[in-house]
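# Summary of the model geometry
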Amino acid sequence: METRELRYFLAVAEESHVGRAAERLGMAQPPLSLAAVEAAERRTRRTAAAGARAPVILTAKAGASSELMAKLLDAYATEPDAVDVEVVLSPPGHQAAMLRDGRADVAILHRPFDDTSGFDVDPLSVEDQVLIVPAGHPASARTEMTLAEATSIADLPLPRWPHLDGTYPDGPGPELRDLTQVLQLVRLGRTALVLPESARANLRDGLAVVPLTDAPQVTTVIAWPPHSTSPAVAGLVRTAGRL
């Protein structure tokens, strides 16, 4: 960040208002992304309301990376300067937007599905993908499958996840919002699901796992805004790097 940009962020932090910060600096608006400034203002307001021990807000996909997050939160809680971590679970694709607009301080994202541009990131894991199908379905007897084969099983259409505006893409699959819901529908034989390989550890009876031979690998990362000056965020990121 350039020195002048830092001045703008400091002004926003001290004034807790974009307009007052711009007036103080003698400009129509700071020459930064308006969204970035508004995100900084939102975080500043939240911190001011909660005080010096304001919690860190961590956002992640509902039902994803649960084992990794449990390890991260347990390890971070033992740090001497740890603060509370508020975990916000949301549908796939919503985490990056929450980080960009200031509703979250840090996020667990998954490449290549999530857009991590503009964030600082540290990779946490890299893994293959698998297809989750009902136990007893003909597909469950396969020892491996291509991604094209997985997406063409007529009686197991893949689920549809909501866009940021709440609408759903067209398609035959069920409209879903979280993995707990979709796994129940997989057991009932209404859909199949593509997940990172680590998800197999949390599956219960009634489900089968088929490795996918050509699906892109999934890289799980911890992401945070590059202009963050929060010691708590820095501490959480350092802890994640030691997992």
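Up top is the structure these notes are about.
On a predicted model such as this, the values are computed, not experimentally measured, just so you know.

This next bit is on the sheet that holds strand β5 (residues 129-134). Spatial ordering of the open sheet is given by β6-β5-β7, a layout of three strands whose pairing is antiparallel. Either end of the sheet is taken by a strand with one partner, and the two such strands are β6 (193-196) and β7 (207-211). Here the strands of the sheet are splayed against their neighbours by 35 degrees on average, with no regard to which way each runs. Taken together, the five bridges between β5 and β7 define a ladder with antiparallel strand orientation. Considered in β7, the bridge of P134 is made with L207.

Per the stated rule, a full pass over the model turns up eight salt bridges. Here R100 makes a salt bridge to D115, at a shortest N to O gap of 3.6 Å. Note that R100 is positioned in helix α5 (residues 95-100) and D115 in the loop between β3 (106-111) and β4 (120-127), a separation of 15 residues in sequence. Taking the relative accessible area as the measure of exposure, R100 reaches 32% and is therefore partly exposed. With relative accessibility at 43%, the residue D115 sits in the partly exposed group.

Within the largest apolar cluster, 17 residues are counted, with the highest numbers of intra-cluster contacts made by V56, Y76, V106, I108, I222, W224 and L236. The element contributing the most residues to this core is helix α8 (residues 231-241), with five residues. Sequence-distant contacts of Y76, that is, excluding residues within four places in its chain, are made with D81, A82, V83, V85, A232, G235, L236 and T239.

Attention now moves to the side chain of T59. Its place among the elements puts T59 in strand β1 (residues 56-61). Overall, T59 belongs to the buried group, its relative accessible area being 0%. Separated by 3.1 Å, the side chain of T59 and the backbone oxygen of V88 make a polar contact. Discounting chain neighbours no more than four positions away, the residues touching T59 are V88, S90, Q95, M98, A104, V106, A107 and I108.

What counts, and where the lines are drawn
- Here, residues in each chain are numbered from 1, in the same order as that chain's written sequence.
- Reporting in this predicted model follows two pLDDT cut-offs: at least 70 for local features of residues, and 80 or more for side-chain atom pairs to be given and counted; totals over whole chains, interfaces and linings ignore these cut-offs and use all residues.
- Only hydrogens and water are set aside; all other atoms, that is, all heavy atoms of the structure, feed into the side-chain values.
- A strand pair is defined by DSSP finding two or more bridges across the two strands.
- Secondary structure elements are taken from DSSP: a helix is a run of H or I of four residues or more, a strand is a run of E of two residues or more, and numbering for both begins at the N terminus.
- For helices, the axis comes from a line fit to the C-alpha atoms of the stretch in contact; other axes are also lines fit to C-alpha atoms, and the angle between any two N-to-C directions lies between 0 and 180 degrees.
- By salt bridge we mean one thing: a side-chain nitrogen of Lys or Arg within 4 Å of a carboxyl oxygen of Asp or Glu.
- Accessibility here uses a 1.4 Å probe with only protein chains present; expressed as a share of the type maximum, an area under 20% marks a residue as buried, one over 50% as exposed, and anything in between as partly exposed.
- We define the nonpolar core as a collection of buried residues of types Ala, Val, Leu, Ile, Met, Phe, Trp, Tyr and Cys that are connected through side-chain atoms lying within 4.5 Å of one another.
- By definition, residues are in contact when any of their heavy atoms lie within 4.5 Å.
- In the analysis that follows, any N or O atom pair within 3.5 Å is treated as a polar contact, provided that within protein one partner can donate a hydrogen and the other can accept it, and provided that, for residues neighboring in sequence, both atoms belong to side chains.

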